[in-house]
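Below are the chains, spelled out letter by letter.
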Amino acid sequence: MKKNGYILKWILAAAALGAILAVAAPALLGIVLLLGALAVFYGLAVWAARISGTAQIIKKLTVKEKVISLILLIAVLFFVYFQVRQEHFIYYWDYAGYWQKSLLQMKRFLLYPVQSFLYLIVSANLEEYNLFPATIMALPLRLSGSSFTSYVMLIFSMFILPTCVLMAALVRKAALRLNIRALPFPAILGICLLFPILYLPALYGYIDSICLLSAVSCLSLQIGWDYRALDKKRCIATALLLLETVLLRRYFAYWALGFLFAWLLIFCFQLLKEQDKRAFAGGFVKNAALAGTACASVLLICFPVFVYRSVFVSYGEAYSAYAAASFGASMKEYFSFIGASGLLCAVVLPIGLLLVYPKARESLIVPLVHIAVSFLLFGFVQQMGVHHYYILALQMMFLCGLSLSLLTHTGSSHKIVSLAGIGLATLLAVNFAACFFPLPQTPLFTQERYHPRVRGDISVIRQMVDELQQLSQDGRSIYVLASSEILNDDIIRQASLPDQMNYPYTLEKSNHVDLRDGFPTQFFTSSIVLVASPAQHHLRPQDQQVIGVLAEEMSRESSPVRKRFVFYKSYPLDGGVKADLYLKQSEFDQDDILYLKQIFQDRYPNHPELFSERLDQFLAGVAPPTADIHTKLQRLADNPKYRLLRPAIEWMSVIFKDHLY
């Protein structure tokens, strides 16, 4: 009781201090809150490392092992710096998404610390790209500089390199439990650092590796868990880390589902070894129930809309434009990405070792099943992008490190086997080199190639941006009809990052994916339209017909759409693409809108809510939804689908009633 009272006093004192700072020094409170976010993020990882024993493994490393490991980590940072500094590029969409969000989040916490902190809950419920990762990155990015180079270097130093260190410790822990001589710690760390899958998304600007640190912490807790007794610390730590992993990036829910399936498989393996199976099963149920209850309670209380959307929204249809042609195509893409050498070390070799090393079967089968479950579940929704392979990366690193440890252990009396292990490690090194250096392409190694991105038309784009700014000074809005790496609305929006984070004129958000975004009624109200010629898509044209149809209408002189505009100027871009600028000379009438309605009604008869009904509403004068977060939440509360969640949604909307975020 005394301890609980002591904790309560500290909580009340912290709340009182926060209230004083919110009034007297909001910027200081914002910094304190951002430091608190970092403390929670890394505190959970450290706590899990202590509970699982991986912290003790790292502490027991010899000075030599620590020095060599540090040299490896520094070498990676130099390599990354060299790669990023060669780029001359305008970063857009996911490449710039969290870079920009992190910069803005720092400003928000300095100006509105309390609202920004509370908005994290709203963001996680409503936004696919929520602000949790940006909150963790905001302060370090501000301190290290705002450049894209600083941003990428922070991704590696804050998330990827600590993940590799914990994974190396986890492999050593698994080897010790099997009573085998593990590879030297720096060797395991080096193997982990040789996976291109870790580098490519981060070099492109994806922050998604932030999930890897909490995920590897979950895996460390899983190994060595004695289910015969209730382990409250492991249960709570596992629940919080799983929750953190999924909230940071939603698609890691597929990794979490694989983790839960693997957890059940571990229980089955251990149950077979137990004599008192009933007591062991009861202990497992108690541990699983505590972890599940803790996780579910936080989700249902704080993130009910997130849960509802995750369970009931059909993301498969909304993201059908990103779907693979077939499961076979997904498998082919996966094999092409990791290469035959990666497949051999991380999948084929562990399967082979199952036959010759019976006591390692649990340690090898569980991560293999984890890979299969996560891959299959994700494949039902969409094709994997380069960053989505993160949900497979940890299991592959673990399998590769443990398998090579098993080989070299066996090879202590069989030199041929030991040499085979060295040969496989060499294959991994060459596979890494094939991704980043100009080596001949062969199926033996990854087909993925990283080339520093260089644009030759940046001066033209910035000239175009300056002229758009001049044309829109009177408040005229702009719409960009293009959706490729050469031209899209976000390239215009982010052309001056990091110096200018908010586009100063009314650049409308373009609709890119038909079944996700629908028809852009903002096109009708835009006075300036920028059209790429030829039409620019980043997906299959049949999934971006809005872009294709409107671009075609703008290029055809006889079109009723084109007659509303006058050609102003053309800009030559990379790849032989032209950006044609049009100015509106008269407003659209009812016949024009009905003309477009008929086109899209014929093309998407099963989606009237995205096309025909939306155009009918525009004709009826129904204003499009505003960006005001309070209005968004109120509209959500009025939706019958969310009637059970209405109290929680209304509570969130009250917070932002007088605050535009």
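Note that the structure is a prediction, hence the values are computed from the model and not measured.

### Points about helix α2 (residues 26-52)
Next up, step 1: Its 27 residues give α2 an end-to-end C-alpha distance of 39 Å, which sits within 8% of 39 Å, the value for a rise of 1.5 Å per residue.
Next up, step 2: Three or more residues of α2 are buried, namely Leu 29, Gly 30, Leu 34, Leu 38, Phe 41, Leu 44, Ala 45, Ala 48, Ala 49, Ile 51 and Ser 52.
Next up, step 3: One or two residues past the end of α2 sits Gly 53, with phi positive at roughly 95 degrees.

### Remarks on the packing of helix α7 (residues 132-144) against helix α8 (residues 148-177)
Next up, step 1: Two elements in contact, α7 and α8, have axes separated by 10 Å at closest approach and are oriented at 125 degrees. When the axis of α7 is compared with that of α8, the two are oblique. The crossing of α7 and α8 is right-handed. Counting all contacts with α7, which are made through Ile 136, Met 137, Pro 140, Leu 141 and Ser 144, the residues of α8 involved are Ser 150, Tyr 151, Leu 154, Ile 155, Met 158 and Phe 159.

### Quick word on the pairing of strand β2 (residues 528-533)
Next up, step 1: Of all six residues in β2, five are buried; the element is thus mostly enclosed.
Next up, step 2: Here strand β1 (residues 478-481) pairs with β2 via four bridges, running parallel. Its bridge partner lying in β2, Ile 478 is registered against Ile 528.

### Remarks on the side chain of Asn 287
Next up, step 1: Residue position: Asn 287 is located in helix α14 (residues 277-302).
Next up, step 2: Exposure remark for Asn 287: the relative accessible area of 0% places this residue in the buried category.
Next up, step 3: Among the polar contacts made by the side chain of Asn 287, one reaches the main-chain carbonyl oxygen of Ala 229 at a distance of 3.1 Å.
Next up, step 4: The contact partners of Asn 287, leaving out residues within four places of it in the chain, are Trp 225, Tyr 227, Ala 229, Leu 230, Asp 231 and Cys 235.

### Looking at the pattern of salt bridges
Next up, step 1: In total, this model carries 20 salt bridges according to the counting rule given.
Next up, step 2: Close ionic contact of Asp 517 with Arg 516 constitutes a salt bridge, the shortest N to O distance being 2.9 Å.
Next up, step 3: Among the residues examined, Asp 517 registers a relative accessible area of 18% and is labelled buried.
Next up, step 4: Asp 589 is the partner of Arg 564 in a salt bridge, and the nearest nitrogen-oxygen pair spans 2.8 Å. Of this pair, Arg 564 sits in the loop between α25 (545-555) and β3 (565-572) while Asp 589 sits in the loop between β4 (578-584) and α26 (590-603), placing them 25 residues apart in sequence.

### Remarks on a nonpolar patch on the surface
Next up, step 1: Judged by side-chain polarity, Val 63, Val 67 and Ile 71 come together as a nonpolar surface patch covering roughly 290 Å² of accessible area.
Next up, step 2: Among the residues examined, Val 63 registers a relative accessible area of 65% and is labelled exposed.

Procedures and definitions
- Residues numbered from 1 in each chain as written.
- Predicted model: local features only at pLDDT ≥ 70, side-chain atom pairs only at ≥ 80, totals over all residues.
- Heavy atoms only, no water.
- Helix = DSSP H or I, 4+ residues; strand = E, 2+ residues; numbered from the N terminus.
- Expected span 1.5 Å × (residues − 1).
- Buried < 20%, exposed > 50% of the residue type's maximum accessible area, 1.4 Å probe, protein only.
- Axes fitted to C-alpha atoms, helices over the stretch in contact; angles between N-to-C directions.
- Parallel < 35°, antiparallel > 145°, perpendicular 65-115°, else oblique.
- Left-handed = near helix turned anticlockwise from the far one by under 90°.
- Contact = heavy atoms within 4.5 Å.
- Pairing = 2+ DSSP bridges.
- Polar contact = N/O pair within 3.5 Å; in protein donor to acceptor, adjacent residues only side chain to side chain.
- Salt bridge = Lys/Arg side-chain N within 4 Å of Asp/Glu carboxyl O.
- Patch = residues over 30% accessible without salt bridge, like charges linked within 9 Å, V, L, I, M, F, W, Y side chains within 5 Å.
- Areas by Shrake-Rupley, 256 points an atom, 1.4 Å probe, with all protein chains shown as cover.

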